[in-house]
Amino acid sequence: MSELKEKLKTQIIEQLNLEDLTIADIKNDSPLFGDEGLGLDSIDALEFIVLLDSYYGIKIDDPAIAKEIFHSVDSMADFIESKK
Amino acid sequence: MYYIHKIASITHQDSFNQTDVNDSLVEIAEDTVLISPDYKKYVLPASLRRLSPILRMAVAAAKECQEAITIPVEAISVGTALGCLTDTEKFLNVINTVEGEILSPTAFIQSTHNTIAGLISLELKNHSYNMTHTQNNLSLEMALIDSMLCCDEGKEFVLLGVADEAIDFLNKLKPIVLPENSIVTSGTTFFALSKKKSTAEIGFLACNSIIKPKGVEVEIVLFLRELKIEINEIDRVYTNQNSLDFPKEIVVNYEAYSGLYFTANAFGVHMAHDWLIKTAKKYALIVNSGCNNSLGLILLKNDKAQN
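Fair warning: this is a prediction, and the values are worked out from it, not measured in the lab.

A. Focus on the domain arrangement of chain B. All names here are of chain B. By the assigned domains, chain B splits into domain 1 (2-194) and domain 2 (202-302). Just the C-alpha atoms count here: the centres of domain 1 and domain 2 sit 22 Å apart. Counting residues at the interface gives 47 residues for domain 1, matched by 37 residues for domain 2. Together, the buried faces of domain 1 and domain 2 total about 3300 Å²; carbon and sulfur atoms form 64% of this surface. Joining domain 1 to domain 2, the criterion identifies 1 salt bridge. In this structure, lysine 278 and aspartate 23 form a salt bridge, with 3.7 Å as the shortest nitrogen-oxygen distance. Secondary-structure elements contributing two or more residues to the side of domain 1 that touches domain 2 are β1 (2-10), α6 (139-152), β4 (158-164) and β5 (187-194).

Structural data, given as structure tokens:
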């Protein structure tokens, strides 16, 4: 699981061009969106949908659950694991 | 007259915020790179990470011009020949290689030509007239004519700019589309324009864009005749032409300093503007004749000229 989270962080940095961040800067349980966390926005949410589709073959059919899934690296990893 | 209140250029020269851009010019070589300012001074890091080189440099140059005049511009007119090539190439590569069914939104959103003017509008929080002109190597001329019309309509200040960026693929277009020995580069130049006199009292007197010219020299004569200016009154000519019927000592090849991008004549305007300030001469003509059998003519005038 921790390996998946590290991989996910690398993919997030790459997909969102977070050029000033390293894996160590992204905490597993920190919110990804909003001022408290990384400060990501709605375009980044779309990028996450693309990321899950292209790297893990997972499609998010219900946009309402996306908010929960994309809350943190922990929640994204849990979701990916649950789809295996 | 349409006076230039501020010019900002980001090019392969050390041109950004220089008092005289001609002071530090070096001839372009294959290994020269775009000399960028610290973009974090102009764009928030959260937004900056999404911006390709052309968007970063255009926004920085546009903001410099807006800050110099303090009151908000009433129109934004941008010329770009090839638009946001980095994002276009990225988006096309994704279409070509993507394994899933969903495409990345950022490169798609930012791949259109009018992203530049649109982003400037968002960054300046300026929702006035906003136009993008894409007319190959005449894109500056078209955007300039639009800006002049905006000034004539009574808009006090207009933000005029051009931007084009190089990607490796452009080198594959040699020698069929681009000249074999050309050095493809990136660059942007923005101007704050107004009919109100600037401190330097230098501005655009006239501009003409000609498709299928009768001949470069013939068109120059006609252009100047219309303005009631004799050809020997021209103090300096900035051009990308190899041979022009002017004394060699007054002709400068701007492309030797800008490299090749289709709106590089704007850098020629910047060089001419700073030269007119330094020498107190009256007229500088910018002759842009590159490809597609077209010709752009721009005349700068210095009201403080002593001759």
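B. Representation of the interface of chain B and chain A. Every contact between the two is made by 13 residues of chain B and, on the other side, 16 residues of chain A. Summing both sides of the interface, chain B and chain A together bury roughly 1300 Å²; the carbon and sulfur share of this comes to 48%. On the chain B side of the interface with chain A, the three residues burying the most area are Arg49, Arg50 and Ile102 of chain B, jointly 49% of the side's total. For the pair chain B and chain A, the interface holds 3 salt bridges. One salt bridge in this structure joins arginine 50 of chain B and aspartate 44 of chain A, with 3.0 Å as the shortest N-O distance. By residue class, the composition of the side of chain B that touches chain A is 4 nonpolar, 3 polar and 6 charged.

C. The nonpolar core, seen in detail. All names here are of chain B. If you look at the biggest cluster of nonpolar residues, it comprises 36 residues, and the most contacted ones within it are Phe191, Phe204, Tyr238 and Leu300. Listing elements by their share of this core, those giving two or more residues are β1, α6, β4, β5, β6 (202-211), α9 (265-279), β9 (283-288) and β10 (294-302). The element contributing the most residues to this core is α9, with 7 residues. There are two domains that each give this core at least three residues, and those are domain 1 (2-194) and domain 2 (202-302). In this structure, phenylalanine 191 is in contact with Ile4, Lys6, Ile7, Cys65, Leu140, Val158, Leu159, Leu160, Phe204, Ala266 and Val269, ignoring residues within four places of it in sequence. Residues Val59, Cys65, Ala117 and Ile120 belong to the second largest nonpolar core, which totals 32 residues.

D. A look at the side chain of serine 104 of chain B. Relative to the elements of secondary structure, serine 104 of chain B occurs in the loop between α3 (85-97) and α4 (105-109). Taking the relative accessible area as the measure of exposure, serine 104 of chain B reaches 15% and is therefore buried. A polar side-chain atom of serine 104 of chain B sits 3.0 Å from a polar atom in the side chain of glutamate 47 of chain A. Every residue in contact with serine 104 of chain B, bar those within four places of it in the chain, is listed here: Gln15, Glu47 and Val50 of chain A together with Phe91 and Val94 of chain B.

E. Here's a closer look at the state of the cysteines. All names here are of chain B. Counted by the stated rule, this structure contains 0 disulfides over all chains. Considering cysteine sulfurs only, cysteine 151 is the nearest to cysteine 207, which forms no disulfide, with 13 Å between them. Cysteine 207 gets classed as buried once you look at its relative accessible area, which sits at 14%.

F. The sheet that holds β10 of chain B, seen in detail. All names here are of chain B. Spatially, β3-β2-β4-β5-β1-β6-β10-β9-β7-β8 is the arrangement adopted by the 10 strands of the open sheet, whose pairing is mixed. Both outer strands of the open sheet, β3 (129-133) and β8 (251-253), are each paired with one neighbouring strand and no more. Here the average twist between neighbouring strands, direction ignored, is 25 degrees. In this sheet, β10 lies alongside β6 in antiparallel orientation, the contact comprising 9 bridges. In the strand pairing of β10, serine 209 is matched with glycine 296. Relative to the sheet, α6 contacts β1, β2 (75-79), β3, β4, β5, β6, β9 and β10, its axis offset from that of β6 by approximately 125 degrees.

Criteria and thresholds
- Residues numbered from 1 in each chain as written.
- Chains lettered and ligands numbered in written order.
- Predicted model: local features only at pLDDT ≥ 70, side-chain atom pairs only at ≥ 80, totals over all residues.
- Heavy atoms only, no water.
- Domains from an automatic or database assignment.
- Contact = heavy atoms within 4.5 Å.
- Buried area = accessible area lost by both parts, 1.4 Å probe.
- Salt bridge = Lys/Arg side-chain N within 4 Å of Asp/Glu carboxyl O.
- Helix = DSSP H or I, 4+ residues; strand = E, 2+ residues; numbered from the N terminus.
- Nonpolar A, V, L, I, M, F, W, Y, C, P; charged D, E, K, R; others polar.
- Core = buried A, V, L, I, M, F, W, Y, C linked by side-chain atoms within 4.5 Å.
- Buried < 20%, exposed > 50% of the residue type's maximum accessible area, 1.4 Å probe, protein only.
- Polar contact = N/O pair within 3.5 Å; in protein donor to acceptor, adjacent residues only side chain to side chain.
- Disulfide = S-S within 2.5 Å.
- Pairing = 2+ DSSP bridges.
- Axes fitted to C-alpha atoms, helices over the stretch in contact; angles between N-to-C directions.

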